[in-house]
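For reference, the chains in residue letters:
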Amino acid sequence: MKILVINCGSSSLKYQLIDMTTEESLAQGLVEKIGIEGSVLIQKVEGKDKYIIKQPMKDHKTAIKLVLEALVDKQNGVISSMEEISSVGHRIVHGGEKYCESVLINDEVMADIEACVKLAPLHNPAHIIGINACRELMPKTPMVVVFDTAFHQTMPEEAFIYALPYELYEKHSIRKYGFHGTSHKFVSEQVAEVMGKDIKDLKIITCHLGNGASLCAVKNGISIDTSMGFTPLDGVAMGTRCGSIDPAIVTYLIKELNYSVEDANNLLNKESGVLGISGISSDFRDIEDAAFKQNNRRANLALDIFHYKVRAQIGAYAAIMGGVDAIVFTAGVGENGPETREACLKGLEFLGVEIDTERNAVRGKVREISKENCKVKAFVIPTNEELMIARDTVKLI
Ligand code: AMP
């Protein structure tokens, strides 16, 4: 059974075709600059040259049509006809409060995704366009949506209600939702398997540290708290996002420094985080270069702040779970940054976790990185959101 996984952005689209009998990825691709000049599709297949199509793509429907053509292309493709695709799994950022698991797409589900546009104005509209295009091109193929917010719907009220007038929650759905749920679910299930334990007996802290970063407290297999909030701006410092700050700073920017609402939003989302502190880059490789090779003060400060926030969040989650059995690092920085992992765990020896420097010298592979006999184990577990989406899709069809 072959499942096509699609992740639609406003002008880009990532896809993967996965053979679910072996869980092997047959092809991965990226389409960029949809609807603007310079549209391009790049498809990678193991053992073949990159397949690149450069041609105008006026909308998502044109892009998805080209994706299907690339997959069945005689020379560069991996299947002989579209009929081989059993189902399509779509990643959706926001499912609001209604969805605590993945569902088959129907008109009611589409209306619900539409209703969540106000909660995810950058993402949900693009998802809707992508799904509609797929439904038009593949009318007989069942489709599934997998929500980034769904895994966190198990959080208790004390974790997701803000200390604001309660009516804002009741009337306007203002609450913590949390994101990266597919990734937190995947790596927590994976680590339980690696440890040879039932996830229902474990307290796990998952650290998804990429350009966007969030942590999750997974107790007995369910999310009981996570660091992102009403939007993906909350929590630890990120590549360009500020994470948690005193909310009064926002009104100060607007009232005293004459920022427009749009400029303030831009500053918090795109000009802050390690980019804002270092003034160098949002990419951890550039910041680490500046810090380690040139001893750049602000690059060092950006890293220190990032590690401090992650460490503090790990401490908080150990506290609310009454302990922790495993700490997992995943995503771009978590999988590829040994220095980051070591620094985030430094000082947490009192919890019972200590990094083994030799084991920690790993990038992008499943590996236990804590010292032998540590009470709390630390791991690198590469995330695979596409596979998680494909697994859910298979379950539903
Ligand atoms: P993601 O959003 O999960 O794709 O992660 C992107 C982030 O991963 C970027 O900020 C990169 O700096 C970081 N990253 C990727 N490779 C490395 C590496 N080898 N060392 C440190 N950070 C890395």
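Just so we're clear, the structure is a prediction, and the values are computed from it rather than from any experiment. (Residues numbered from 1 in each chain as written. Predicted model: local features only at pLDDT ≥ 70, side-chain atom pairs only at ≥ 80, totals over all residues. Heavy atoms only, no water.)

**Student:** Is there a simple way to explain the packing of helix 11 (residues 297–321) against helix 13 (residues 338–345) in this structure?
**Tutor:** The geometry of a pair of packed helices is captured by two quantities: the angle between their axes and the separation between those axes. Closest axis-to-axis distance for the helix 11/helix 13 pair is 8 Å, and the angle between their directions is 50°. Classified by the interaxial angle, the pair formed by helix 11 and helix 13 is oblique. Like other packed secondary-structure pairs, helix 11 and helix 13 cross with a definite hand, here right-handed. Along its contact with helix 11, which presents Phe 306, His 307, Val 310, Arg 311 and Ile 314, the element helix 13 presents Thr 340, Ala 343, Cys 344 and Leu 345. Of the residues contributing to the contact of helix 11 with helix 13, the split by class is six nonpolar, two polar and one charged. (Axes fitted to C-alpha atoms, helices over the stretch in contact; angles between N-to-C directions. Helix = DSSP H or I, 4+ residues; strand = E, 2+ residues; numbered from the N terminus. Parallel < 35°, antiparallel > 145°, perpendicular 65-115°, else oblique. Left-handed = near helix turned anticlockwise from the far one by under 90°. Contact = heavy atoms within 4.5 Å. Nonpolar A, V, L, I, M, F, W, Y, C, P; charged D, E, K, R; others polar.)

**Student:** Is there a simple way to think about the environment of Gly 323 in this case?
**Tutor:** Mapping Gly 323 onto the fold places it in the loop between helix 11 and strand 12 (326–330). C-alpha separation for the pair Gly 323 and Gly 96, spaced 227 residues apart in sequence, amounts to 30 Å. Apart from residues no more than four positions distant in its own chain, Gly 323 is found in contact with Lys 203 and Ala 318.

**Student:** Can you walk me through the side chain of Asp 356 in this structure?
**Tutor:** Inspection of the secondary structure assignment puts Asp 356 in the loop between helix 13 and helix 14 (357–360). Notably, Asp 356 is buried but unbridged: the nearest opposite-charge side chain belongs to Arg 359, and the N-O separation is 4.1 Å. Beyond its immediate sequence surroundings of up to four residues, Asp 356 is in contact with Ile 369, Ser 370 and Lys 371. (Buried < 20%, exposed > 50% of the residue type's maximum accessible area, 1.4 Å probe, protein only. Lys, Arg positive; Asp, Glu negative; His and termini not counted. Salt bridge = Lys/Arg side-chain N within 4 Å of Asp/Glu carboxyl O.)

**Student:** So what exactly am I meant to see when it comes to the UniProt feature "active site" (unreviewed entry) in the protein here?
**Tutor:** In this structure's numbering, the residues bearing the UniProt feature "active site" (unreviewed entry) are Asp 148. Considering the arrangement of structural elements, one finds Asp 148 in the loop between strand 8 (143–147) and helix 4 (157–160). Leaving out residues up to four positions away in the same chain, Asp 148 has contacts with Arg 91, Ile 92, Val 93, Gly 178, Phe 179, His 180, Gly 181 and Thr 182. (UniProt positions renumbered as here; feature names shortened; annotations may be inferred.)

**Student:** Before we go on, may I ask you to explain the sheet that holds strand 9 (residues 203–209) in this structure?
**Tutor:** Hydrogen bonding along the main chain pairs the strands of a sheet, whether they run parallel or antiparallel. If you trace the six strands from one edge of the open sheet to the other, you get 11-10-9-12-14-13, paired in mixed fashion. Here the strands that pair on one side only, and so sit at the sheet edges, are strand 11 (222–226) and strand 13 (367–368). Relative to strand 11, strand 10 (residues 213–219) is paired through four bridges, and the arrangement is antiparallel. Pairing of Lys 219 across the sheet is with Ile 222, part of strand 11. Running over the sheet, helix 11 touches strand 9, strand 10, strand 11 and strand 12 and is turned about 15° from strand 10. Helix 13 contacts strand 9, strand 12 and strand 14 (377–380) of the sheet and is inclined by roughly 150° relative to strand 12. (Pairing = 2+ DSSP bridges.)

**Student:** Would you explain the site of the ligand in this entry?
**Tutor:** If you check the shell around the ligand, you find Gly 210, Asn 211, Ser 282, Asp 283, Phe 284, Arg 285, Glu 288, Ala 331, Gly 332, Val 333, Asn 336 and Arg 363 and nothing else. Between the ligand and Asp 283, the relevant distance is 2.5 Å, taken from an oxygen atom to a side-chain nitrogen or oxygen of the residue. In this structure, an oxygen atom belonging to the ligand sits 3.4 Å away from a main-chain N or O atom of Val 333. For the ligand, the accessible surface in isolation is 500 Å², of which the surrounding protein chains cover 72%. Residue assignment for the shell around the ligand shows that the elements contributing at least two residues are helix 10 (284–294) and helix 12 (331–336). If you tally residues by element for the shell around the ligand, the top one is helix 12, at four residues. When the residues that make up the shell around the ligand are grouped by side-chain class, the tally is three nonpolar, five polar and four charged. (Near = heavy atom within 4 Å. Polar contact = N/O pair within 3.5 Å; in protein donor to acceptor, adjacent residues only side chain to side chain. Areas by Shrake-Rupley, 256 points an atom, 1.4 Å probe, with all protein chains shown as cover.)

**Student:** Is there a simple way to think about the packing of helix 2 (residues 107–115) against helix 3 (residues 124–137) in this case?
**Tutor:** Two elements in contact, helix 2 and helix 3, have axes whose closest approach is 9 Å; the angle formed by their N-to-C orientations is 155°. What the angle tells us is that helix 2 and helix 3 run roughly antiparallel. Handedness of the crossing formed by helix 2 with helix 3: left-handed. Here helix 2 contributes Asp 107, Met 110, Ile 113 and Glu 114 to the contact with helix 3, which in turn contributes Asn 124, Ile 128, Ile 131, Asn 132 and Arg 135. For the contact of helix 2 with helix 3, the residue count by class is four nonpolar, two polar and three charged.

**Student:** Would you take a moment to explain the packing of aromatic side chains for this structure?
**Tutor:** The relative placement of two aromatic rings is captured by the distance of their centres and the angle of their planes. Within the structure shown, the criterion is met by five aromatic pairs. Geometrically, the ring pair formed by Tyr 99 and Phe 147 is stacked, given 4.7 Å between the ring centres and 15° between the ring planes. Of this pair, Tyr 99 sits in the loop between strand 6 (85–92) and strand 7 (103–104) while Phe 147 sits in strand 8; the two residues are 48 residues apart in sequence, bridging distant segments of the chain. With respect to burial, Tyr 99 and Phe 147 carry one shared label: buried. The residue whose ring lies beneath Arg 175 is Phe 160, and the NZ or CZ to ring-centre distance is 3.6 Å. The positively charged end of Arg 175 is found above the aromatic ring belonging to Tyr 177, 4.9 Å away from the centroid. (Phe/Tyr/Trp six-rings, centres within 6.5 Å; stacked < 30°, edge-to-face > 60°. Lys NZ or Arg CZ within 6 Å of the ring centre and 35° of its normal.)

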